[in-house]
Amino acid sequence: RYLWYRKLVVGVFLIWLLFLLIFVGTIPFYMAGAIIYSVLIYYFSYALLKRHSFQLGKYQQSKLDVNESGELLNRLETLLKNEKLHCQSGIKLEDLAHRLSSPSRNLSQAINQNTGKNFSEYINEWRIEEIKIMLQDPAKANQKIATLAFDCGFNNLTSFNQLFRLKVGLTPSQYRTDFLV
């Protein structure tokens, strides 16, 4: 409970020890800067790692276990496949959680733990897969890519193009050309 206090006392003690060693002459005065710099690097590294471990332990207090989490994600994937809800531009985590009769926190946890992605990344990945199927379809060869992107739930053409290129490695036009030629 008083871990922060203990760390503060240890830190102050180390600083006083450094000053004492400089005063006594054990550590040359010009080395103080290098030592303080090293301590600061250590501290910032510790703080960064501590923050990262906090993120990893985000769901430690959750009552949703790994099996339930995986089962909830499977139910979500079935819902998305069958009803194509990811193609709705304004779809929210809360909407999908309501459809699955699950708290939104549990659904968020299921997505995070099983895919390593947040809700937006997860839904956009589904949208990219959907548009890839549309771009491969010869029946949709005459439709504009922008129309297909909006049909898949994207609101912004620039964001869609950037995300598509990032995920697929090609522009949507290049992707369509590669599959329809």
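This write-up is about the structure you can find in this document. Predicted model, so just to flag it, every value in this text is computed and none were measured. (Residues numbered from 1 in each chain as written. Predicted model: local features only at pLDDT ≥ 70, side-chain atom pairs only at ≥ 80, totals over all residues. Heavy atoms only, no water.)

Regarding the packing of helix α6 (residues 119-136) against helix α9 (residues 172-180)
Right, on to step 1. The geometry of α6 relative to α9 is characterised by a closest axis approach of 8 Å and an angle of 45° between their N-to-C directions. With respect to their mutual orientation, α6 and α9 come out oblique. Crossing hand, α6 versus α9: right-handed. Residues K132, L135 and Q136 of α6 pack against P172, Y175, R176, F179 and L180 of α9.
Right, on to step 2. Taken together, the residues that form the contact of α6 with α9 break down as five nonpolar, one polar and two charged. (Axes fitted to C-alpha atoms, helices over the stretch in contact; angles between N-to-C directions. Helix = DSSP H or I, 4+ residues; strand = E, 2+ residues; numbered from the N terminus. Parallel < 35°, antiparallel > 145°, perpendicular 65-115°, else oblique. Left-handed = near helix turned anticlockwise from the far one by under 90°. Contact = heavy atoms within 4.5 Å. Nonpolar A, V, L, I, M, F, W, Y, C, P; charged D, E, K, R; others polar.)

Comments concerning the side chain of H86
Right, on to step 1. Mapped onto the fold, H86 is located in the loop between α3 (66-83) and α4 (93-99).
Right, on to step 2. A distance of 3.3 Å separates the side chain of H86 from the side chain of E130, its partner in a polar contact.
Right, on to step 3. Not counting residues within four places of it along the chain, the set of residues in contact with H86 comprises L80, I123, W126, R127, E130, C152 and G153. (Polar contact = N/O pair within 3.5 Å; in protein donor to acceptor, adjacent residues only side chain to side chain.)

Geometric descriptors of this kind do not, in isolation, establish any biological role.
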